[in-house]
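# Secondary and tertiary structure notes
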Number of protein chains: 2
Amino acid sequence: MIYLGIIEDQPTIREALTGYLCAQPEFSCVLSAASVEEFLAAVPTMIHRPTLILSDIGLPGLSGIEGLAPLRHLLPQAEVVMLSVYTDAQRVFDSLRAGAVGYLEKDTPLPVLKDNLLQVAAGGSPMSPGIARHVIRYFQSPPRPALEPLTPREQDIVRGIEDGLSYQRIADRLFLSIDTVRSHIRQVYRKLQVNSKAELLARGYRR
Amino acid sequence: MIYLGIIEDQPTIREALTGYLCAQPEFSCVLSAASVEEFLAAVPTMIHRPTLILSDIGLPGLSGIEGLAPLRHLLPQAEVVMLSVYTDAQRVFDSLRAGAVGYLEKDTPLPVLKDNLLQVAAGGSPMSPGIARHVIRYFQSPPRPALEPLTPREQDIVRGIEDGLSYQRIADRLFLSIDTVRSHIRQVYRKLQVNSKAELLARGYRR
DNA sequence: GTTATTTTCACATCTTTATGCTATACCCCA
DNA sequence: TGGGGTATAGCATAAAGATGTGAAAATAAC
């Protein structure tokens, strides 16, 4: 049995959600609130704590994203799925970073919504198609301006720098003299067109 | 109409896939091969080029992941969805980085597989539940060991470091003396428990 | 088998960073 | 009204990094 909590400020939508989801045998609605604050206030009085929370983003007071931190703090075992009209990458990333396990568009048909929520219990992370595409794009690194390729050894060196090591430590790790490390780094800087560790790291050549 | 290509080395599975998917009115199967090499070789002779490719990962010769680069080069307009028994985060990330738009587990029921593939045309990125969870986790940075918060000014300084600037340049940007920058950096290093720019950047405090 | 690239190392020099100690001015607040 | 915390600044020193020049050995490429 999934103990479901719902946070949604618009009464019409909230009632539609509770009306449908709470009627499903898989769910037990334990709490439905119009704001994160209201939700948090009600939690201590409850017998069954929610294990799955469906939260809007555009809320009065704390936004759904801002609310994630206190929610997860108060209910560490609960998983939160965002339900929002917003589909922009920024809100999606912010939500996921703040701990949401899924992100669904508000126009998701109720039966689909139900399926998606059940996926969470199965270890899934439901996302509406367009949302998923944002997330995928994040991995597909923006085409870099075609830099000279690094030799394997140079990549070893870069890895060392990316790990925050000093020249000496890199030398130790690769069993080289510090002068050799210097040599390689000079080459790397030339190829990647930077001239300090900081710049190299700032440009994020990590993969 | 979706022009579908399939790459799968096991004849049984390949036939099951083609048998089911090609019978669907939404798809037109244009090519089915047992390896990336075979697939690539066949492309030039075709009238209708595939717009959607379903590719296995464990293939003889080029793996499905290695095959992504040449596939995308030869068929830039095609989208590739991986279909694999492997569910490890490494292969998932490698696939997405190499340009796959979706990742499905091999035990996905055929009707579900069909739905997922149709999602791609709608701009979606289908992922099996467990796969999606890997991806989500990537965003949920491992809980940092509760660091002392930085003051606004200190954050300015950190931003400068993250942009790859030297002390002098940070000072110029913020209209400070270089010694002031040093002072702030000292505080930052203490709070974040690092002792070099490289370490700070390596730990990735950027957001 | 010669050529080119990569990998390795050395020494010198100058710049940037890291770190310690000190000090003034400002603001909040108890 | 005096004590935290923040922001500013200076000086000094040691460590780490950046850059130039040069060169030998190992590998790969042709």
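Computed from a predicted model, the values in this text were never measured in an experiment.

## Some thoughts on the packing of aromatic side chains
Taken as a whole and judged by the stated rule, the model has six aromatic pairs over all chains. With a centroid separation of 6.1 Å and an interplanar angle of 80°, the aromatic rings of Tyr-138 of chain A and Phe-139 of chain A are classed as edge-to-face. Overall, the relative accessible area of 3% leaves Phe-139 of chain A in the buried class. Ring-pair connections join several aromatic residues into one group, and the members of that group are Phe-93, Tyr-138 and Phe-139 of chain A together with Phe-93 and Tyr-138 of chain B. The ring of Tyr-86 of chain A has Arg-91 of chain A sitting right over it, with the charged end atom 3.6 Å from the ring centre.

## Some words on the sheet that holds strand E3 (residues 52-56) of chain B
Pairing between the strands of a sheet is mediated by backbone hydrogen bonds and can be parallel or antiparallel. Residue and element names in this part refer to chain B. The strand order E2-E1-E3-E4-E5 describes an open sheet built from five strands, whose pairing is parallel. Every other strand in the sheet has two partners, leaving strand E2 (27-33) and strand E5 (102-105) as the edge strands with one partner each. If you compare each strand with its neighbour and ignore which way they point, the axes differ by 20° on average. In the sheet, strand E1 (residues 2-7) pairs with E2 via six bridges, with the strands oriented parallel. Looking at E2, one finds that Leu-4 is bridged to Cys-29.

## A few points about the relation of the copies chain A and chain B
In summary, the two copies of the chain are related to each other by a rotation about an axis coupled with a shift along it. Mapping chain A onto chain B is achieved by rotating through 180° and translating by 0.1 Å along the same axis, at an RMSD of 0.9 Å. Both chain copies can therefore be described as sitting about a two-fold axis.

## Examining the pairing of strand E3 (residues 52-56) of chain A
All names here are of chain A. Counting buried residues along E3, five of its five residues qualify, which places the element largely inside the surrounding structure. By the alternation rule, side chains of E3 split into Leu-52, Leu-54 and Asp-56 and Ile-53 and Ser-55, which are all buried. In this sheet, E3 lies alongside strand E1 (residues 2-7) in parallel orientation, the contact comprising four bridges. Among the inter-strand pairings, Ile-7 is bridged to a residue of E3, identified as Ser-55.

## Points about the protein's contact with DNA strand D
Residues in close proximity to DNA strand D total 18 residues, the closest being Tyr-167, Arg-186 and Lys-197 of chain A together with Thr-151 and Thr-180 of chain B. For DNA strand D, a phosphate oxygen lies 3.0 Å from a polar atom in the side chain of Tyr-189 of chain A. The separation between a base nitrogen of DNA strand D and a polar side-chain atom of Ser-183 of chain B is 3.2 Å. Elements represented by at least two residues in the surface near DNA strand D include exactly helix H9 (178-192) of chain A together with helix H7 (152-162) and helix H9 (178-192) of chain B. The dominant element in the surface near DNA strand D, judged by the number of residues it contributes, is H9 of chain B, at five residues. Partitioning the surface near DNA strand D into residue classes produces four nonpolar, eight polar and six charged.

## A short note on the domain arrangement of chain A
On domain assignment, one finds that chain A holds domain 1 (2-139) and domain 2 (152-202). Here domain 1 of chain A and domain 2 of chain A have C-alpha centroids that lie 45 Å from each other.

## What about the protein's contact with DNA strand C?
Looking at DNA strand C, there are 18 residues lining it, with Thr-151 and Ser-183 of chain A together with Tyr-167, Arg-186 and Lys-197 of chain B nearest. Protein-proximal atoms of DNA strand C, defined as those within 4 Å of the protein, fall in sugar or phosphate at a share of 58%. In the model, a phosphate oxygen of DNA strand C is placed 2.9 Å from a nitrogen or oxygen of the Thr-180 of chain A side chain. Contact distances for DNA strand C include 3.4 Å between a base nitrogen and a side-chain N or O atom of Arg-182 of chain B. Looking at the surface near DNA strand C, the elements that each hand over two or more residues are helix H7 (152-162) and H9 of chain A together with H9 of chain B. Counting residues per element, the surface near DNA strand C draws most heavily on H9 of chain A, at five residues. Considered class by class, the residues forming the surface near DNA strand C number four nonpolar, eight polar and six charged.

Cut-off values and rules
Residues numbered from 1 in each chain as written. Chains lettered and ligands numbered in written order. Predicted model: local features only at pLDDT ≥ 70, side-chain atom pairs only at ≥ 80, totals over all residues. Heavy atoms only, no water. Phe/Tyr/Trp six-rings, centres within 6.5 Å; stacked < 30°, edge-to-face > 60°. Buried < 20%, exposed > 50% of the residue type's maximum accessible area, 1.4 Å probe, protein only. Lys NZ or Arg CZ within 6 Å of the ring centre and 35° of its normal. Pairing = 2+ DSSP bridges. Helix = DSSP H or I, 4+ residues; strand = E, 2+ residues; numbered from the N terminus. Axes fitted to C-alpha atoms, helices over the stretch in contact; angles between N-to-C directions. Least-squares fit on C-alpha atoms with pLDDT ≥ 70 in both. Near = heavy atom within 4 Å. Polar contact = N/O pair within 3.5 Å; in protein donor to acceptor, adjacent residues only side chain to side chain. Nonpolar A, V, L, I, M, F, W, Y, C, P; charged D, E, K, R; others polar. Domains from an automatic or database assignment.

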